[in-house]
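# Inside the fold
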Amino acid sequence: MALVEKLGVHLENREQLAPVAARILSYIILTGKKGATFEDMVSILCASKSTISTHLNHLQDLNKIEYFTKTGDRKKYFVINKNNIILHIDKMITHWKEERELHLEIKNYKELINTNKTDNDYENFDLSFHNDYIKFVDGATASIQELRDKLITNDFAL
C-alpha cells in the first residue's frame, strides 16, 4: 500500500488525476496483467463502491485502463491500456525533439556570434552544454523509442 500511495501521488501530479483515481491507477499498475477487480479495489483502497465506480469510469473514458473478462466469471479485470502508454511515450519523444531543435538553433546562433568576434575570446560562448544536452536528448529519444517499439511488437506484457 505504501507503493500504491507513492505511485498514486506521482500519477496524481503527472496526469492531473483526482487522488482516488490516481490510487486506482496505481493499484491496477501494480496488479499487472492478472488485472484488478472492482471488489478488490473497494476493499484494498478503502473507498465506497460509488467512488470506485465513478473513478473507474473516468479512467476508462480517458483510455488509461481497459478491462477483460474470464469465461464463466462475471467479474471485470481492469488492466492498463497499453495504447495510452504508447501515446505518453509519443508525447515525450515529440517534446524531446522540440527541445533538441531549440538547443540546436541556440547553439548555431552562438557559433555564429563566436565566429564574428575576433577581438576577445573571453566573450565567446561555451557550446559544451548544448553539445552535451543534444547528445543526452538523442540517447534518451533512442532509448524510449526502443521501449515503444517493444510495446508495439508485444516483446513484453504489462
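Below, the structure is looked at part by part. (Residues numbered from 1 in each chain as written. Predicted model: local features only at pLDDT ≥ 70, side-chain atom pairs only at ≥ 80, totals over all residues. Heavy atoms only, no water.)

We now examine the overall build of the protein. Helices and strands together make up the secondary structure of the protein, namely six helices and three strands. When the elements of the protein are put in sequence order from the N terminus, they spell out α-α-β-α-α-β-β-α-α. Against the compact-globule benchmark of 15 Å for 158 residues, the protein has a radius of gyration of 23 Å, which places it well outside the compact range. Here the protein, with 158 residues, has 32% of them falling under the buried criterion. (Helix = DSSP H or I, 4+ residues; strand = E, 2+ residues; numbered from the N terminus. Rg over C-alpha atoms; globule rule 2.2 N^0.38 Å. Buried < 20%, exposed > 50% of the residue type's maximum accessible area, 1.4 Å probe, protein only.)

The next thing to look at is the packing of helix 2 (residues 19-31) against helix 3 (residues 38-45). Where helix 2 contacts helix 3, the two axes come as close as 11 Å, and the packing angle between them is 115 degrees. Read as a crossing pair, helix 2 and helix 3 show a hand that is right-handed. Note on element contacts: helix 3 touches helix 2 through Asp40, Met41, Ile44 and Leu45, opposite Arg23, Ile24, Tyr27 and Ile28. (Axes fitted to C-alpha atoms, helices over the stretch in contact; angles between N-to-C directions. Left-handed = near helix turned anticlockwise from the far one by under 90°. Contact = heavy atoms within 4.5 Å.)

Our next topic: the sheet that holds strand 1 (residues 36-37). Spatially, 1-3-2 is the arrangement adopted by the three strands of the open sheet, whose pairing is antiparallel. Taken across any chain shown, the strands that pair with only one partner, and hence form the sheet edges, are strand 1 and strand 2 (65-70). By the bridge criterion, six bridges tie strand 2 to strand 3 (residues 73-80) in an arrangement that is antiparallel. Its bridge partner lying in strand 3, glutamate 66 is registered against valine 79. (Pairing = 2+ DSSP bridges.)

Taken together, Leu3, Ile29 and Leu30 make up a surface patch of nonpolar side chains, about 260 Å² in accessible area. Among the structural elements, isoleucine 29 can be located in helix 2. (Patch = residues over 30% accessible without salt bridge, like charges linked within 9 Å, V, L, I, M, F, W, Y side chains within 5 Å. Areas by Shrake-Rupley, 256 points an atom, 1.4 Å probe, with all protein chains shown as cover. Salt bridge = Lys/Arg side-chain N within 4 Å of Asp/Glu carboxyl O.)

Counted under the stated rule, the structure contains nine salt bridges. For arginine 14, the salt bridge identified is with glutamate 15, shortest N-O distance 2.7 Å. On the accessibility criterion, arginine 14 (42% relative accessible area) is partly exposed. Among the ionic pairs, lysine 64 bridges to glutamate 15, the shortest N-O distance being 2.6 Å. Here glutamate 15 lies in helix 1 (residues 2-15) and lysine 64 lies in the loop between helix 4 (49-61) and strand 2, a separation of 49 residues in the sequence.

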